[in-house]
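Residue strings, one per chain:
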Amino acid sequence: MKSIEPAKLESAPGLVRKVADFWTRNVNAERIMGRSVSEHERGSETYFAELETQRYRSHRHLPGWIASMRPGSQVLEIGCGIGLDSARMAQHGLRVTAVDLTVVGPATASRRAHERHLDATYLCSDAEHLPFPDAAFDYVYSFGVMHHAPDTQRCVDEAYRVLRPGGQALIMLYHRHSLNEAVHRMLRVPFEERDELCPVVRRYTVSEIRAMFSRFSKVEVRADFVFGEGYGSLFRWTPLPVYRLLSHWLGWHLMIRATR
C-alpha cells in the first residue's frame, strides 16, 4: 500500500492543478448538493459506513456493474477518491490498483485497505499519464471522473493502452441529453458543488462517446440514473419501474462498456 507524496504533482500543468485542488477541497462522496453525508471523522468506520450506504442507495446501478467483473482479474480504477468502489471490488475478489489526482483520496483509501487487509494498492497519479506499462490490466474502471479531466480523450486513450487485448473499460461519463442537464441549465445551478464552480464538467452525447471510443473493438452505451438523492422526495417516491424507464430515456450517467 502506498501513495505518492504531494510534491510529485507540483509540475502538473495549471488546469490539472486546479482540478486536483478542487477535488481536494470537495472530496467526492462526502457531500450531496452542498450537504455533508457524514459528520464523522474522515477515515473512521462510521464515516465509510454512512458514505457507502448513501452511495449505493442512490446509485442503484453501481453494485451490479462492479459485480460484472470476473473475480481474480486485475482492475485499475481511475479516480478512486476515498476508495468506496475499489474496496467493494476488492471484496468481490478483484486485484485492485487505484489512482486519484488528489492525495487525500489515496491516503484515506490506503489506510482502510491496510486495516481490512484488502487486495488494493493506491497511488496519486494523473489519468492522462498513467504510470503503468501497456496491457497491464483486465479491466479499467472509472465512474464519473474522466469528464472532469482537462483532456478526457487522453484519459480514454490511456485506458485503452493499459488494457490487455480483450480487456474491458467500464467508464461512466455525463450525458448531455439528460433531465439533470436540463434542470441545471434551467435553474442555473452549478454542477458538483453549489458554492464553487468545478473547473471542468463535460457532458457527451452517445454519438460523441462512440467516436471517443472508436479504437475499441466493441462499445456498449446505455443511460442510467435519471436523478439521485439530491432531488429529495422525488427520488424517494418515484416507483422503481418508472425510475428505470426515465433513466433509460433521460439518464445523467452514460454507462460505457468498451472491449479492447
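Use the structure listed above.
Presented here is a report on the structure given in the accompanying data block. (Residues numbered from 1 in each chain as written. Predicted model: local features only at pLDDT ≥ 70, side-chain atom pairs only at ≥ 80, totals over all residues. Heavy atoms only, no water.)

Quick look at the overall build of the protein chain now. The helix and strand inventory of the protein chain stands at ten helices and nine strands. The C-alpha radius of gyration of the protein chain comes to 17 Å, within 12% of the 18 Å expected for a compact globule of 260 residues. Seen through its C-alpha atoms, the protein chain measures out along the principal axes to roughly 45 × 45 × 40 Å. Split into buried and exposed, the 260 residues of the protein chain put 54% on the buried side. The contacts in the protein chain between residues at least 6 apart in sequence include a share of 74% that link residues at least 24 apart. About 12,100 Å² of surface is accessible on the protein chain, with carbon and sulfur atoms providing 53% of the total. Put simply, the protein chain has 34 plus and 30 minus side-chain charges, and the middle of one group is 5 Å from the middle of the other. (Helix = DSSP H or I, 4+ residues; strand = E, 2+ residues; numbered from the N terminus. Rg over C-alpha atoms; globule rule 2.2 N^0.38 Å. Buried < 20%, exposed > 50% of the residue type's maximum accessible area, 1.4 Å probe, protein only. Contact = heavy atoms within 4.5 Å. Areas by Shrake-Rupley, 256 points an atom, 1.4 Å probe, with all protein chains shown as cover. Lys, Arg positive; Asp, Glu negative; His and termini not counted. Charge placed at Lys NZ, Arg CZ, Asp CG, Glu CD.)

Okay, the environment of L76 next. With respect to the secondary-structure elements, L76 resides in strand β3 (residues 74-78). Filtering out sequence-adjacent residues up to four positions away, L76 remains in contact with T97, A98, V99, L130, F132, F137, Y139, V140, Y141 and V162.

If you trace the seven strands from one edge of the open sheet to the other, you get β5-β4-β3-β6-β7-β9-β8, paired in mixed fashion. Each edge of the open sheet is held by one strand with a lone partner, namely β5 (120-124) and β8 (218-224). Sheet twist, expressed as the average angle between the axes of neighbouring strands with direction ignored, equals 15°. Here β8 runs beside strand β9 (residues 253-259); their pairing, made up of seven bridges, is antiparallel. Looking across to β9, one finds that V221 is bridged to I256. (Pairing = 2+ DSSP bridges. Axes fitted to C-alpha atoms, helices over the stretch in contact; angles between N-to-C directions.)

Next up on the list: the state of the cysteines. Evaluation of the coordinates by the stated rule reveals zero disulfides. Sulfur of C155: no disulfide; nearest cysteine sulfur belongs to C198 and is 13 Å away. Take C155: its relative accessible area is 1%, and that puts it in the buried class. The class of C198 is buried, set by a relative accessible area of 11%. (Disulfide = S-S within 2.5 Å.)

This brings us to the packing of aromatic side chains. Taken as a whole and judged by the stated rule, the model has eleven aromatic pairs. Ring centres of Y47 and F48 lie 5.2 Å apart, and the angle between their planes is 75°; this geometry places the pair in the edge-to-face category. The exposure class of Y47 is buried, given its relative accessible area of 2%. With relative accessibility at 1%, the residue F48 sits in the buried group. Centroid distance F227 to Y243: 5.5 Å. Interplanar angle 80°. Geometry classified as edge-to-face. Taken together, the residues F227 in the loop between β8 and α9 (233-237) and Y243 in helix α10 (residues 240-250) connect sequence positions 16 residues apart. (Phe/Tyr/Trp six-rings, centres within 6.5 Å; stacked < 30°, edge-to-face > 60°.)

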